[in-house]
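Examination of the molecular architecture
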Protein chains: 2
Amino acid sequence: MAEQAPRRTTRQRAAVAAALGQCEEFVSAQELHARLRTDGERVGLATVYRNLQSMAADGEIDMIRRDDGEAVYRACSTDHHHHLVCRVCGSTVEIAGPAVERWADRVGAEHDYAEVSHTVELTGVCASCR
Amino acid sequence: MAEQAPRRTTRQRAAVAAALGQCEEFVSAQELHARLRTDGERVGLATVYRNLQSMAADGEIDMIRRDDGEAVYRACSTDHHHHLVCRVCGSTVEIAGPAVERWADRVGAEHDYAEVSHTVELTGVCASCR
DNA sequence: CACTCAAATGGGAATGATTGTCAATTTCGC
DNA sequence: GCGAAATTGACAATCATTCCCATTTGAGTG
């Protein structure tokens, strides 16, 4: 495991963690910052970035990248699922894919990779758009 | 499959494809642009971006994102596969995942989505980076 | 509690990849 | 060869993310 640098508990760090905990879906640092501001918490944008990064580095939260390259975060333990997105109308269906989870773990093990996480996106054309 | 917009064969497009073909590893648009310039090919940076994007959209090349979010490309073997990328050193392993293919098709069918395609990215930490 | 000092913060400026703009150029079917 | 439509190039504009640095704050210590 990566060594964990000293971390202090600050009002801002707690606020970031709390706000993230209330999000079901992945959120970007920008979105989280806006949300905090709305909630009346005054936290600098740079601070949101720094905290999200260190929390991700410590494994406290998940970080993945959206299609456009923007980093998005999610509190761990929120239940994990994927999406099936319609290419035409954009409607989405949430997919629970235990099969994929197992597959990902197995592939990681086969190639001796640790801490394997995965991103899965399905796109298609939904019934009403055909 | 996704509809392919009309594409013309231009000197620049060929140059981009050729340069990419000579790279073993993944390269970013910026790197490829620099390489082209070194080779004496005059191709605009925006053009490199546009071509890489359209080639990726057409499935002619692979596109993934490095840890820092920068998009990197690589000429891909024709057959469909996924990647297992090391979060630390960036080394990649190609994964053939018949299991995922079948899973994706089944999920699409269950929700009545047609022309389902999928994106799967696995990231972890490889043995030598631990 | 008062004290100390490194960690943490904030916010504005800087960075750097990517995208937009639009006139000029090039491709390709006819 | 012609003309419409795609493509290009140079540069400006975006926008997430990082840097900088003066100021604040957490948390041991005596």
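Thresholds, definitions, all that
- Residues numbered from 1 in each chain as written.
- Chains lettered and ligands numbered in written order.
- Predicted model: local features only at pLDDT ≥ 70, side-chain atom pairs only at ≥ 80, totals over all residues.
- Heavy atoms only, no water.
- Near = heavy atom within 4 Å.
- Polar contact = N/O pair within 3.5 Å; in protein donor to acceptor, adjacent residues only side chain to side chain.
- Helix = DSSP H or I, 4+ residues; strand = E, 2+ residues; numbered from the N terminus.
- Domains from an automatic or database assignment.
- Contact = heavy atoms within 4.5 Å.
- Buried area = accessible area lost by both parts, 1.4 Å probe.
- Salt bridge = Lys/Arg side-chain N within 4 Å of Asp/Glu carboxyl O.
- Nonpolar A, V, L, I, M, F, W, Y, C, P; charged D, E, K, R; others polar.
- Pairing = 2+ DSSP bridges.

Regarding the protein's contact with DNA strand C
The environment of DNA strand C is formed by 24 residues, the closest being Thr10(A), Arg50(A), Arg8(B), Tyr49(B) and Gln53(B). Close to the protein, within 4 Å, the atoms of DNA strand C are drawn from sugar and phosphate at a rate of 66%. Interatomic distance of 3.0 Å between a side-chain N/O atom of Gln12(A) and a sugar or linking oxygen of DNA strand C. For the surface near DNA strand C, the secondary structure elements donating two or more residues are helix H1 (11-21) and helix H3 (45-57) of chain A together with helix H3 (45-57) of chain B.

Side note on the domain arrangement of chain A
All names here are of chain A. Here the domain parsing of chain A yields domain 1 (9-76) and domain 2 (78-130). If you average the C-alpha positions of domain 1 and of domain 2, the two centres end up 23 Å apart. At the junction of the two partners, domain 1 supplies 6 residues and domain 2 supplies 7 residues. Summed over both sides, the interface between domain 1 and domain 2 buries roughly 510 Å², with carbon and sulfur atoms accounting for 34% of that surface. Here domain 1 is connected to domain 2 by 0 salt bridges. Our count for the domain 1 to domain 2 interface comes out at 0 residue pairs in polar contact (both at pLDDT 80 or more). Taken together, the residues of the side of domain 1 that touches domain 2 sort by class into 3 nonpolar, no polar and 3 charged.

Observations concerning the interface of chain A and chain B
The interface is formed by 37 residues belonging to chain A together with 37 residues belonging to chain B. Summing both sides of the interface, chain A and chain B together bury roughly 3,000 Å²; the carbon and sulfur share of this comes to 61%. The largest share of the area that chain A buries against chain B comes from Trp103(A), Tyr113(A) and Leu122(A), three residues that together contribute 23% of it. Where chain A touches chain B, the interface holds 0 salt bridges. Across the chain A-chain B interface, the total number found is 5 residue pairs in polar contact (both at pLDDT 80 or more). Taken together, the elements giving at least two residues each to the side of chain A that touches chain B come down to strand E4 (82-86), strand E5 (92-95), helix H4 (98-110) and strand E6 (114-125) of chain A. The element that contributes the greatest number of residues to the side of chain A that touches chain B is E6(A), accounting for 12 residues. Taken together, the residues of the side of chain A that touches chain B break down into 18 nonpolar, 10 polar and 9 charged. Here E6(A) pairs with strand E6 (residues 114-125) of chain B via 9 bridges, running antiparallel.

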